[in-house]
Amino acid sequence: MKKIITIISEKVSQAFAACGYDAAYGAVSVSNRPDLCQYQCNGALTAAKQFHKAPIVIAEEIAAALSGEDLFSLCEAVKPGFINISLNTAFLARYVYEMSRSEKFGMEPAGEPQTIVVDYGGPNVAKALHVGHLRPAIIGEAVKRILRYAGNEVIGDAHLGDWGLQIGLIITELRVRQPELPYFDESFAGEYPKEPPFTMSDLEEIYPYASEYSKTHEDYKEAARHATYLLQNGHRGYRALWEHIMTVSMNDLKKNYKKLNVEFDLWKKESDAQPYIPEMIQKMKDEGHAHISEGALVVDVKEESDTKEIPPCMILKSDGATLYNTTDLATIVERMKLFSPNQIIYVVDKRQSLYFEQIFRCARKTHLVNEDTKLTFLGFGTMNGRDGKPFKTRDGGVMRLEQLVQSIVDEVYEKMKDRDMPEEEIRRVAGQVGLAALKYGDLSNQASKDYIFDVERFTSFEGNTGPYILYTMVRIKSILGRLDGAEASMPEPSKRSYGTEETNWLLTLSRFADTVERAAAELAPHKLCQYIYELANVFNSFYHGNKILTEADEAKKAEWIGLLQTTLAVLQTCIDLLAFEAPDRM
Ligand code: ARG
């Protein structure tokens, strides 16, 4: 099924061609003056330059050529040379009718499905998830689902940080606390215990402690570095401890991501890329890309056109140790080998943008990827507190993600606790609504922008919020629930007149496919949020102005019910893509 904007563009393009201009001038866009028209075409303004004519003259020719077109209720040239267009509502109604019956509401499968790896989440083992992990998880999850819905083969990878100094620090601290453990006995040749010598809460206490301590104790830090080195070079006892750390952390991480409705397809770890390192480095050296600078092995990545300094990409430190860079590059090698993706998207804090610029350039220069492999950095901004500074706990610490989610769920519970519903249901619904509030509050902002985490605003049942969207869905469910028996699917539109509210409702519904396509192309979940907000608004205006269930005209009533069902299904699809859920009542 064609997108509605394509149908309109084709019509207008035909008119341009018929009048002797290039058909490409006929591309239309959604009007930025919805008070005047629904769509607009600015092609006459550009054509005017080529044909040395006044734009308005061309616009008028086109409008005249389209005058008998029954698709349009309005097609008018306005100064200086715009063409304002509105659709016949009967056409819109027919389009929505067809859309409601088509798979994916008129969304066509991607022209050429791409294989795309989305690297998101980026948790580190042995550390509790904190607020800094919220954005990569929820933005990445939404981007993954949107790209998949658009017809691509998408692989979401958590890319677990399991290989760095944090593990060395934990090993070092364990050695201080429990020196008697067999992992530290170099002569121990037996089998190590199956049970980990710590719990997740132990780890959560050990890591920050060791990290702080190492900042003021150089010898301790050195020991941690050495432990990391030994681990990476196959020390038997440390490997066994690392396995324990992995098992304990993974359970905890999986549980926490599940609560956030975030599902990775892959739980690859930084350590998984290690086997690819030696060959990668050899190749970089052989091909003359890597050279020694101040003892370290680096690849120059600056380019003539740079306006700012782009430092070389370091591959090995002077002591031969690998770095975050080395792992990311080797991960690219691994991904190319396992999936030969067309694109890899990194959903990471935007403060790492220079780092990824170096990585991407290095990967291209050293041919780790194909010429046409796209490497995309989707950098997100910071979640700030009400003071405009990065969000902290009351005492200035880093807030755990669980705590953050709980705070918003509690706020929703407070609002709902007097509802006439069983306590158990109130709790469950508060959980769903709270998560929606949090996710929508985040996703409705353009990812790259910082935003302010405002519990009160996010949990409001009115305005541009998650709960408002859910509330609208619940309202539709409740209307549909009051109908006796299951309604058949949407009936064919009858010949009749339409009010403004219904026209707006149809118009917004008809834009679904175009919106999702754009959200996918621009990796922009906020476009989907804008869309569902608009859809909720146009529906609610209609609802307040019309009595659906008592409508006397049966044909009309049946169509409205069809629209309700379609709207609910579209909203449901959108919130699935954004990865939150709606309750049946709230
Ligand atoms: N674990 C990293 C961190 O905590 C984020 C990983 C981002 N992804 C990547 N491929 N480097 O900062």
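Above this text sits the structure in question.
Here the structure is a predicted model, which means the values were calculated and not measured.

Hey, could you go over empty space enclosed by the protein for me, with residue numbers and the actual values?
Under the defined criterion, the tally for this structure stands at three cavities of 30 Å³ or more. Considering only enclosed or pocket space, the largest cavity measures out at about 60 Å³ in volume. As for the largest cavity, its lining consists of Ala93, Met490, Pro491, Pro493, Arg496, Tyr498, Glu502, Leu506, Glu559 and Leu563. If you list the elements that add at least two residues to the lining of the largest cavity, you get helix H17 (500-510) and helix H20 (554-578). Among the residues forming the lining of the largest cavity, the class breakdown is seven nonpolar, no polar and three charged. Looking at the second largest cavity, its volume works out to about 50 Å³. Asp157, His159, Leu266, Lys268, Lys269, Thr331, Glu334, Arg335, Leu338 and Phe339 together form the lining of the second largest cavity. With five residues, helix H11 (residues 324-339) is the single largest residue contributor to the lining of the second largest cavity.

Just give me the short version of H17, but keep the residues and values in it.
Given 3.6 residues to a turn, an α-helix orients residues that are three or four positions apart in the same direction. For H17, the tally of buried residues reaches eight of 11 residues, placing the bulk of the element in the interior. For H17, the full list of buried residues reads Glu502, Thr503, Trp505, Leu506, Leu507, Thr508, Leu509 and Ser510.

Tell me about the sheet that holds strand E2 (residues 39-41), and please be specific about residues and values.
A sheet is described by the order of its strands in space; here four strands give the open sequence E1-E2-E4-E3, paired in antiparallel fashion. Where the open sheet ends on each side, the last strands, each with one partner, are strand E1 (28-30) and strand E3 (72-78). Averaged over all pairs of adjacent strands, the angle between their axes in this sheet comes to 25°, without regard to strand direction. Summarising the sheet, E3 and strand E4 (residues 82-87) pair through six bridges and their orientation is antiparallel.

How would you summarise the site of the ligand if you had to cite specific residues and measurements?
Around the ligand sit Asp119, Gly122, Asn124, His159, Tyr324, Asp328, Tyr346, Val348, Gln352 and Phe356, and those are all the residues in its vicinity. With respect to the ligand, the side chain of Asp119 contributes an N or O atom lying 2.9 Å from a nitrogen atom. Contact distances for the ligand include 3.0 Å between a nitrogen atom and a backbone N or O atom of Gly122. Here the ligand has 350 Å² of accessible area as a free molecule, and 82% of this is covered by the chains.

Summarise the packing of helix H8 (residues 218-232) against helix H9 (residues 236-259); cite the residues concerned and give the values.
Helix-helix packing: each pair is described by the crossing angle between the helix axes and the interaxial distance. Between H8 and H9, the least distance of the axes is 8 Å, while the angle of their chain directions is 95°. Classified by the angle between their axes, H8 and H9 sit roughly perpendicular to one another. In this structure, H8 contributes Ala227, Leu230 and Leu231 to the contact, and H9 contributes Tyr238, Arg239 and Trp242. Here the contact of H8 with H9 is composed, by residue class, of five nonpolar, no polar and one charged.

Tell me about the nonpolar core, and name the residues and values.
Residues Val12 and Leu404 are the most contacted members of the largest nonpolar core, which totals 167 residues. The contacts of Leu404, once residues within four sequence positions are left out, are Val131, Leu134, Met383, Phe391, Met399, Leu438 and Phe453. Counting 32 residues, the second-largest nonpolar core is a separate cluster that includes Ala273, Val348, Tyr355 and Val369.

Account for unusual backbone geometry, naming residues and giving values.
With omega at 0°, the peptide bond leading from Lys79 into Pro80 counts as cis. Inspection of the secondary structure puts Pro80 in the loop between E3 and E4. Notably, Ser340 is not glycine yet its phi reads approximately 25°, a positive angle. Inspection of the secondary structure puts Ser340 in the loop between H11 and strand E10 (343-349). One non-glycine residue, Leu523, lies in the positive phi region at around 50°. Of note, Leu523 is situated in the loop between helix H18 (512-521) and helix H19 (525-545).

Please set out the sheet that holds E10 residue by residue, giving values where relevant.
Pairing in this open sheet of four strands is parallel, and the strands run E6-E5-E10-E11 from one edge to the other. Strand pairing shows two members of the sheet lacking a second neighbour, strand E6 (153-157) and strand E11 (374-380), which therefore form its edges. Put simply, the sheet's adjacent strands are angled 20° from each other on average, direction ignored. When strand E5 (residues 115-119) meets E6, the two strands line up parallel, connected through five bridges.

Conventions used here
- Residues numbered from 1 in each chain as written.
- Predicted model: local features only at pLDDT ≥ 70, side-chain atom pairs only at ≥ 80, totals over all residues.
- Heavy atoms only, no water.
- 1 Å grid on protein atoms, 1.4 Å probe; cavity = no way out; pocket = protein on both sides within 12 Å on 5 of 7 lines; lining within 4 Å.
- Points joined across faces, edges and corners; volume = space filled by probe spheres on them.
- Helix = DSSP H or I, 4+ residues; strand = E, 2+ residues; numbered from the N terminus.
- Nonpolar A, V, L, I, M, F, W, Y, C, P; charged D, E, K, R; others polar.
- Buried < 20%, exposed > 50% of the residue type's maximum accessible area, 1.4 Å probe, protein only.
- Pairing = 2+ DSSP bridges.
- Axes fitted to C-alpha atoms, helices over the stretch in contact; angles between N-to-C directions.
- Near = heavy atom within 4 Å.
- Polar contact = N/O pair within 3.5 Å; in protein donor to acceptor, adjacent residues only side chain to side chain.
- Areas by Shrake-Rupley, 256 points an atom, 1.4 Å probe, with all protein chains shown as cover.
- Parallel < 35°, antiparallel > 145°, perpendicular 65-115°, else oblique.
- Contact = heavy atoms within 4.5 Å.
- Core = buried A, V, L, I, M, F, W, Y, C linked by side-chain atoms within 4.5 Å.

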